[in-house]
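Results of the structural survey
These are the residues of each chain, in order.
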Amino acid sequence: MVGVGFRREFAEELISGEHIRPDFIELAPENWMNIGGYWKKILHRVVEKYLVLCHGLSLSIGSPDALDKEFLAYVKTFLQEYKVQLYSEHLSYSKCDNAHMYDLLPIPFRMDAVQHIVSRIQQVQDYLQRSLAMEIVSYYTPVAAEMSEIDFINEVVKRSGCQLLLDVNNIYVNAFNHQYDAKAFIQQLPLSSIAYIHMAGHEQVAPDLIIDTHGEPIIDPVYDLFEWTLAHLQPVPVLLERDFNIPEMAELQGEITRLKSICHKQWKLKDELVA
Amino acid sequence: MNLLPDTYHIQQTFSEGCRTGKKVQLPGVVADRLAHYRRLVFNNIRDTMESAFPIAFTNIPSRKWNKMVKDFFADHACQSYQLWKLPLEFYTYAVEHSWDEQYDIPYLNDLLAFEWAEMELYNMEDIPVPTYRIEGSWLDTPLVLNPEHRLLSFSWPVHLKAKRRELMTRKGIYFALLYRHPETGNIQFTDLSPWLAFLTEQLAMGITVRDILDYAPQLHITDTDTLELDTLAFLKEMQQQHFVLGFQS
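Residues numbered from 1 in each chain as written. Chains lettered and ligands numbered in written order. Predicted model: local features only at pLDDT ≥ 70, side-chain atom pairs only at ≥ 80, totals over all residues. Heavy atoms only, no water.

A word on the overall build of chain B
What counts is decided by this rule: Helix and strand definitions follow DSSP, with helices as H or I runs of at least four residues and strands as E runs of at least two, each counted in order from the N terminus. We compute the radius of gyration over the C-alpha atoms and compare it with the globule rule, which gives 2.2 Å times the number of residues raised to the power 0.38. Whether a residue is buried, partly exposed or exposed follows from its accessible area with a 1.4 Å probe, protein chains only, as a fraction of its type maximum: under 20%, in between, or over 50%, in that order. Residue contacts follow a heavy-atom distance rule, with two residues in contact if any of their heavy atoms lie within 4.5 Å. Each accessible area is a Shrake-Rupley estimate made with a 1.4 Å probe; only the visible protein chains count as cover when residues are assessed. Neither His nor the chain ends is counted toward charge; the positive residues are Lys and Arg and the negative residues Asp and Glu. Just so you know, the charge point we use is NZ for Lys, CZ for Arg, CG for Asp and CD for Glu.
Check the secondary structure of chain B and you find 11 helices and 6 strands. Against the compact-globule benchmark of 18 Å for 249 residues, chain B has a radius of gyration of 24 Å, which places it well outside the compact range. Structurally, chain B occupies a C-alpha span of about 80 × 45 × 30 Å along its principal axes. Across the 249 residues in chain B, those meeting the buried criterion constitute 47%. Put simply, 61% of the contacts in chain B that link residues at least 6 apart link residues at least 24 apart. Here chain B displays about 12,500 Å² of accessible surface, and carbon together with sulfur accounts for 51% of that area. Counting 23 positive and 32 negative side-chain charges, chain B places the centres of these two groups 12 Å from one another.

This is how it looks when you write it as structure tokens:
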């Protein structure tokens, strides 16, 4: 099952289904909560047509600030209203000193941060009465790390019982930026906890730096890493993210088709997915 | 909280660097990589403001505009978890810090208010419409208005003019009515005279047109011969435009 991130720029095309036809869509609750008017109508039409998964932006699980209970209440209502089958978020923080940053900042890889995050993930899971899938984010510099990234992630998953969202492009980006082996990294993850995969494009801005832009097509080495990864996983939903430089729908559908073909090849002996 | 003070401080310092663009030193952090974070974070804020305030962005010199956005983001703790609502905080910050005087843009508050109202109306939650009838007495039946509207008053005609030189010579009292078209969701706006603004305000409170007209002399409106006809013509036109929906049932 391969979906696409729901963007206003191609909402009508998704509804018509003429040139692009994903198996599901993913949207950020923050962008659609308490919305009315034209876009509420569009949201209802797209939800009638497609299965919906949600990928949040503002939970800020790694923040030193307290969890925002009011926000969580809205998320809960939204997930129930739109019968969302999977809710994922980022292993990062986006709020500090009571100020939203609207981007994903890297958490120090430290044991006290692990304990802090585990406690918060458990609070959120208990409140929402569902498991969270936490995305391993791309990052451009380590921050005061006292443990390795892989140990940090594994501790969070083991202690919190959360699931993982594996963004294969993020792993590629991180492996390039921090000079490690992407496959070796993936092999050390708790693969049975991976509930969802993201795929996206990126931009190399310096000889030693790639930025995770979601504004370019997926490159072949990331497809290769994706295919290699699938061979080690049970079927899970796969999402194509494209947030900027939106191309013609035929191009996006081409990427969806390529992803589906890889899924089919690698998972043909297993059950075709399921959220 | 399980975070140690040191980790807490590191996260604060990192985010502070992203907010202000000031150089910070943290263990393990590569300086030029922090600059990338600052760029990514700030570009998001800058783009949000440009898209929310296209007229202000076009008409305010870029040096001033950039300083406004930078100062706002560095100094203000952004509260909304929904990015589309952040422009309201920008507008509020501008008013609180008297940017109209500081930047010598006397119409700034009006312009930001106008542009924010348009965005808010476009995105805001649907407001249930009371039941109404198509037929009724224009004078004696309370009218049902499209509840998705804003009635704004300005000292500068920012809803009519965009250029500074055109605005600066026109200080006065202006009213604008903005409303969301029930079917398309598009935002319409119309300039109102003080009388029509008063009328709209009273109609929204359920007062009948006749009672509002009776009040006209107290507003020192003495030329009442055509007032009723003009008022009804306006309301019938606004019915065509989906602002007046019908008559209370």
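Next comes the rest of the account.
A look at empty space enclosed by the protein
All names here are of chain A. Defined as follows: Using a grid of 1 Å spacing that covers the protein atoms alone, one calls a set of points a cavity when a 1.4 Å probe fits there but cannot get out, and a pocket when the set is open and has protein on both sides within 12 Å along at least five of seven lines; lining residues are those with an atom within 4 Å of a point. Grid points are joined across faces, edges and corners, and a volume is the space filled by probe spheres set on the points. Residues are grouped as follows: Ala, Val, Leu, Ile, Met, Phe, Trp, Tyr, Cys and Pro are nonpolar; Asp, Glu, Lys and Arg are charged; all remaining types, including Gly, are polar.
Counted by the stated rule, this structure contains 2 cavities of 30 Å³ or more. Taken as a whole, the largest cavity holds about 90 Å³ of empty space. Around the largest cavity sit Leu91, Pro106, Ile107, Phe109, Ile136, Val137, Tyr139, Glu149, Phe152 and Ile153, which together line it. Here the residues of the lining of the largest cavity are counted per class, giving 9 nonpolar, no polar and 1 charged. Its boundaries defined by the atoms lining it, the second largest cavity holds a volume of some 70 Å³.

Some words on the nonpolar core
In plain terms, the rule: Among the buried residues, those of types Ala, Val, Leu, Ile, Met, Phe, Trp, Tyr and Cys that are joined through side-chain atoms within 4.5 Å form a nonpolar core. A domain assignment, automatic or from a database, supplies the domain bounds used here.
In terms of nonpolar packing, the biggest core is built from 143 residues, with Phe152, Ile197, Met199 and Phe226 of chain A together with Phe14 and Phe90 of chain B touching the most fellow members. A per-element tally of this core places helix H7 (residues 108-123) of chain B first, with 8 residues. Here this core spans two domains, since at least three of its residues come from each of domain 1 (5-75) and domain 2 (126-248) of chain B. With residues near it in sequence (within four places) discarded, Ile197 of chain A still touches Leu165, Leu166, Val168, Phe226, Leu230, Leu233, Val236, Pro237, Val238 and Leu239 of chain A. If you look at the next biggest cluster of nonpolar residues, it comprises 27 residues, including Tyr179, Leu196, Met238 and Val244 of chain B.

Digging into the pattern of salt bridges
Using the following cut-off: Whenever a carboxyl oxygen of Asp or Glu lies within 4 Å of a side-chain nitrogen of Lys or Arg, that contact is scored as a salt bridge.
Taken as a whole, this structure holds 19 salt bridges over all chains when the rule is applied. As a salt-bridge pair, Arg46 of chain B and Asp47 of chain B come within 3.3 Å of each other at their nearest N and O atoms. The exposure class assigned to Asp47 of chain B is partly exposed, which follows from its relative accessible area of 38%. Within the structure, one salt-bridge network assembled from shared partners comprises Arg7, Glu9 and Asp243 of chain A.

Concerning the packing of helix H1 (residues 5-20) of chain B against helix H2 (residues 31-52) of chain B
The geometry of a pair of packed helices is captured by two quantities: the angle between their axes and the separation between those axes. All names here are of chain B. So the rule is basically this: Every angle, taken between N-to-C directions, lies between 0 and 180 degrees, and every axis is a line fitted to C-alpha atoms, over only the stretch in contact when it is a helix. Orientation categories follow fixed angle ranges, with anything under 35 degrees roughly parallel, anything over 145 roughly antiparallel, 65 to 115 roughly perpendicular, and all other angles oblique. Handedness of a crossing is defined here by the sense of rotation of the near helix relative to the far one, left-handed for an anticlockwise turn of less than a right angle and right-handed for a clockwise turn.
Two elements in contact, H1 and H2, have axes separated by 8 Å at closest approach and are oriented at 55 degrees. One finds that H1 runs oblique with respect to H2. When you trace H1 past H2, the crossing you get is right-handed. In this structure, H1 uses Phe14, Gly17, Cys18, Arg19 and Thr20 to contact H2, whose residues at the interface are Leu34, Tyr37, Arg38 and Val41.

A short note on the sheet that holds strand E4 (residues 174-180) of chain B
Residue and element names in this part refer to chain B. This is how the line gets drawn: For two strands to pair, DSSP has to find at least two bridges joining them.
Here we have 3 strands laid out as an open sheet, ordered E3-E4-E5, and antiparallel in their pairing. Whereas interior strands pair on both sides, the edge strands pair on one side only; in this sheet they are strand E3 (149-154) and strand E5 (187-192). Strand after strand, the sheet turns through a mean of 20 degrees between neighbouring axes, direction not considered. Where E4 and E5 come together, 6 bridges link them in antiparallel fashion. For Tyr179, the partnering residue across the bridge sits in E5 and is Gln188. Where H7 meets the sheet, it contacts E3, E4 and E5, and its direction lies at approximately 180 degrees from that of E3. Helix H9 (residues 194-204) contacts E3, E4 and E5 of the sheet and is inclined by roughly 125 degrees relative to E5.

What to know about a nonpolar patch on the surface
The line we're drawing: Without a salt bridge and with relative accessible area above 30%, a residue can belong to a patch; like charges are then joined within 9 Å and nonpolar side chains (Val, Leu, Ile, Met, Phe, Trp, Tyr) within 5 Å.
Together, Val129, Tyr132 and Ile134 of chain B make up an exposed nonpolar region whose accessible area comes to about 280 Å². Following the sequence through the fold, Val129 of chain B ends up in the loop between H7 and strand E1 (132-133).

Some words on helix H11 (residues 227-240) of chain B
All names here are of chain B. To be explicit about the condition: Here a helix's expected span is defined as the number of its residues, less one, multiplied by 1.5 Å. The arc in question is traced by the directions running from the helix axis to the C-beta atoms.
Compared with the 20 Å implied by 1.5 Å per residue over 14 residues, the 20 Å span of H11 between its first and last C-alpha is a close match. Turning to H11, its buried residues are Leu227, Thr231, Leu232, Phe234, Leu235 and Met238. Projection of H11 onto a plane perpendicular to its axis shows the buried side chains occupying an angular sector of 155 degrees, all on one side. Across from the buried face of H11, at angles greater than 90 degrees, the exposed residues are Leu229 and Gln240. Where H11 is buried, its residues contact strand E2 (143-145), E4, E5, H9, helix H10 (209-215) and strand E6 (244-248). One or two residues past the end of H11 sits His242, with phi positive at roughly 70 degrees.

A few points about unusual backbone geometry
Residue and element names in this part refer to chain A. Although it is not a glycine, Asp97 adopts a positive phi angle of roughly 55 degrees. Mapped onto the secondary structure, Asp97 falls in the loop between strand E5 (93-96) and strand E6 (99-105). For Asp97, a relative accessible area of 33% corresponds to the partly exposed category. One non-glycine residue, Asn98, lies in positive phi territory at about 65 degrees.

Some remarks on the interface of chain A and chain B
Inclusion rule: Summed over both partners, the accessible area lost on bringing two parts together, with a 1.4 Å probe, is the buried area.
In this assembly, 50 residues from chain A lie in contact with 47 residues from chain B. Of the roughly 4,200 Å² buried between chain A and chain B on both sides combined, carbon and sulfur atoms contribute 54%. Linking chain A with chain B are 2 salt bridges. Of the charged contacts, one joins Asp6 of chain B and Arg110 of chain A as a salt bridge, the two residues approaching to 2.8 Å between their closest N and O atoms. Looking at the side of chain A that touches chain B, the elements that each hand over two or more residues are helix H2 (37-49), helix H3 (69-81), E5, E6, helix H4 (111-128) and strand E11 (209-211) of chain A. Broken down by element, the residue count for the side of chain A that touches chain B peaks at 7 residues, all from E6 of chain A. Tallied by class, residues from the side of chain A that touches chain B come to 25 nonpolar, 13 polar and 12 charged.

Functional significance is not addressed by these values, which are geometric in nature.
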